[in-house]
Amino acid sequence: MMTSMTYRDALRKALDDAMTDDSSIVVIGEEVGRYGGAYGVTKDLIKIHGADRLIDTPISEPAIVGTAVGAAMTGLRPVAELMYIDFLGMTMDQLANQAAKIRYMFGGQIGVPMVLRTQGGTGRSAGAQHSQSLEAWVMHTPGLRLAMPATVADAYHLLRQSLTKPDPVVFIEHKALYTRKEEIDLDADPLPWGKAAVRRQGDDLVIVTYSRQVFYALEAADALARKGIEATVIDLRTLNPLDFDTVREHVERVGKAMVVSEGVMTSGVAAELAARISEECFDFLEQPVLRVAGEDIPISVSQELESGSVPSARMIADVAARMMA
Amino acid sequence: MDAPVNTNLLELYRTMRRIRTFEERVGELFVRGQSAGSMLHLSIGEESSAAGVCAAMKPQDTFTTHHRGHGIFLARGADPKRMMAEIGGKETGYCRGKGGSMHIADMALGHLGANAIVGGGIPAVIGAGLSSRHLKQDSVSIAFFGDGAMQQGILYESMNMASLWNLPVLFVCINNQYGMGTRIDQATRNTAFDQRAKAFGLNGAVVDGLDVEEVQAAARWLVDEARAGKPGFLSVEVYRFFGHARMDKSPYREEAEELEGRKKDPVLFARNKLIDTGIEEERILDELDKAIAAEMDATIDFAVESKAPPLGSMFKDVYAAGEPEPESVRARIDRVLARDDA
Ligand SMILES: Cc1ncc(C[n+]2csc(CCOP(=O)(O)OP(=O)(O)O)c2C)c(N)n1
Ligand SMILES: [Mg+2]
């Protein structure tokens, strides 16, 4: 059945449905219960599932994540919510030294099946400490899975799938997508976890991206099509596991690749993807892989500087057109 | 402790009225679509904490604030025009439009920075206290934060070190009863916050924020003690009159509670006290209020008329002036494409 839904409501429905199906799921975080989440994702879930399962916490991020680690080791399936991904700075020990390493350090005895839900990215003039794209920190830490939905359907399905995984999943939403509305068919079989989606097919250039930049890439692809350039746009959906097979298949077919990420360029997700494409698809590439990524600077509160700090549809289209020239 | 002189209360009232009016204008800037974003946290109802504590500070003293810090900075002597411009994300603002409401700072006034990380600015005062002692600055460093930060572990690491090292440091909690939608008793079992400080060996006090002179008296004692090497903690009990930020209509609390809470109005209390004790005539206060309103109206004009920062400025100040700047993504792409053309 097709329904029209926002990204926010799809996330909310995923939590709601998963909590109905699995009584071991609890949500732990600031303002997740009575308030309904700073961005409204858990709105009214407390009325359905109760305050025992939507657990409001004090402003104590390291303890929130650490609580989720311990709960996950002892029978619960916690969803810890970090209001902004920027607060990873405070919680990185619990995430990177505890959650990510427990299975390995303890010789495989136990896993940490928790989900860390958070949101990142620019778009609200929220300033340097509330606008970052820190997925590279997570991707750089073995032991953590990483999902970053762009579409409404993925908001739903990837969150549901995250809540069945045996290992810690960091689930990063984009703050500029919450109000985005799309038609989705909740009964259709979802794409499998760990599989990239080809959002648009073209023979001239491959654009590999994820999260909000998927829509910028699609917008750019439309503009390019008007100039007779046809781009393939790949939405990675999960960065760990990374579906490099899909990337390889299309890059080898097309011979030109660009990677797009809102995170800063240096040592970022785009750097990893570009390196991998260069290594593995070298013989098929007609020119160097290009990275269109966030500038290596903090995000300003000024709208002009904020939007200038990250890729836009126009920039993607410009660079792509020049690659084809 | 000196008995407050007449001009003292009048001066504190003036400071508080300026804060109240400034914050109202910040709300207006937002409504006019001229603020940089909506993450604007107004300190209406909390003016006594800013005015009372800042009145106890000396020029060489330093401080950090939380995200609700406009009032503290104004009380310290900030130029409201440059503040408003910063809140609008403009080039003429204190931080050239890069910081905004939650990241205002000004080294000239000892403002080591506002913070958007709850508790993030607290330990810097430990460092400032160390500097003060090593460099013989005779300064006290004050961390201002909300009741929400009372639940952050870093506060207790900081209290312990301040006490252990006898640093000239003061922790000031502005307890407005809420952290976003969470009432203080939903965040902690024991709300007698001074006990926590005392447990670490600090001086500790809790003061009702209704009367700014009481806040000032408590702050004077604690600041003087801190300067002499005994760090302290002060909790100022106030009520957050409005929502957490501009978009929050506080659906989680009863209107009756809000109406009751707003009766605890330090600005009105000081005004009535000035009139009732014969320090100042109502007519004169009306005129003062009017002059302040005009001053603060002008801050909006200044912010609106100021220019956005030039795009190229985004690469400035990542590192020190004269050091290599980050190279732009475009420049790097251009180089690759130019090589391709060749
Ligand atoms: C580390 C961190 N956690 C959460 C937030 C989101 N947040 C911003 S303000 C706030 C409430 C803070 O309450 P309090 O410290 O009492 O200050 P108040 O807003 O009441 O002045 C929260 C949870 C944040 N900015 N930083
Ligand atoms: Mg508070």
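Just so it is clear, the structure is predicted and the values come from calculations on it, not from any experiment.

Engineer: Describe the pattern of salt bridges, listing the residues and the values that go with them.
Structural biologist: Residues and elements named next belong to chain A. Throughout the structure, instances matching the rule amount to 48 salt bridges over all chains. For aspartate 235, the salt bridge is made with arginine 199, and the minimal N-O distance between the two is 2.8 Å. Residue aspartate 235 is located in strand β11 (residues 231–235), and its partner arginine 199 is located in strand β9 (residues 197–200); the two are separated by 36 residues in the primary sequence. Residue classification places aspartate 235 among the buried positions, given a relative accessible area of 0%. For arginine 200, the salt bridge is made with glutamate 230, and the minimal N-O distance between the two is 3.1 Å. Taken as a pair, arginine 200 in strand β9 and glutamate 230 in the loop between α8 (213–226) and β11 lie far apart in primary sequence, 30 residues in all.

Engineer: I'd like a rundown of the UniProt feature "domain: Dehydrogenase E1 component" (unreviewed entry) in chain B, residues and numbers included.
Structural biologist: Here the UniProt feature "domain: Dehydrogenase E1 component" (unreviewed entry) sits at residues 15–309 of chain B. End C-alpha atoms of residues 15–309 of chain B are separated by 30 Å, and the span's content is 44% helix alongside 11% strand.

Engineer: Could you give an account of a nonpolar patch on the surface, naming the residues involved and the relevant values?
Structural biologist: Residues and elements named next belong to chain B. There is a patch of nonpolar side chains on the surface, built from Met161, Leu164 and Trp165 and spanning about 280 Å² of accessible area. On the secondary structure map, leucine 164 appears in helix α6 (residues 153–164). We classify leucine 164 as exposed; its relative accessible area is 59%.

Engineer: For the coordination of the magnesium ion (ligand 2), give the residues involved together with the corresponding values.
Structural biologist: Residue and element names in this part refer to chain B. Coordination of the magnesium ion (ligand 2) by the protein is provided by Asp147 (OD), Asn176 (OD1) and Tyr178 (O), with metal-donor distances spanning 2.0 to 2.1 Å. Every donor residue of the magnesium ion (ligand 2) comes from the same chain, spaced as D-x28-N-x1-Y. One end of the pair, aspartate 147, is in the loop between β2 (141–146) and α6; the other, tyrosine 178, is in strand β4 (residues 178–179), and 31 residues separate them in sequence. Neither residue differs from the other here; aspartate 147 and tyrosine 178 are each classed as buried.

Engineer: Describe the pairing of β11 of chain A, and please don't skip the residues or the numbers.
Structural biologist: Residues and elements named next belong to chain A. Of all five residues making up β11, five are buried, and the element is well covered by its neighbours. The side-chain alternation of β11 yields two buried faces, one formed by Ala231, Val233 and Asp235 and the other by Thr232 and Ile234. Strand direction decides the pairing type here: β9 and β11, joined by three bridges, are antiparallel. Across the sheet, arginine 200 pairs through a bridge with valine 233, a residue of β11. Where strand β10 (residues 205–209) lies against β11, five bridges are found, and the strand directions are parallel. Note on β11: the bridge partner recorded for leucine 205 is alanine 231. In the classification by handedness, the crossover that spans β10, the intervening α8 and the parallel β11 is right-handed.

Rules and cut-offs
Residues numbered from 1 in each chain as written. Chains lettered and ligands numbered in written order. Predicted model: local features only at pLDDT ≥ 70, side-chain atom pairs only at ≥ 80, totals over all residues. Heavy atoms only, no water. Salt bridge = Lys/Arg side-chain N within 4 Å of Asp/Glu carboxyl O. Helix = DSSP H or I, 4+ residues; strand = E, 2+ residues; numbered from the N terminus. Buried < 20%, exposed > 50% of the residue type's maximum accessible area, 1.4 Å probe, protein only. UniProt positions renumbered as here; feature names shortened; annotations may be inferred. Patch = residues over 30% accessible without salt bridge, like charges linked within 9 Å, V, L, I, M, F, W, Y side chains within 5 Å. Areas by Shrake-Rupley, 256 points an atom, 1.4 Å probe, with all protein chains shown as cover. Donors = N, O, S within 2.8 Å, 3.2 Å for Na, K, Ca; no water. Pairing = 2+ DSSP bridges. Right-handed = clockwise from strand over helix to strand, strands pointing away.

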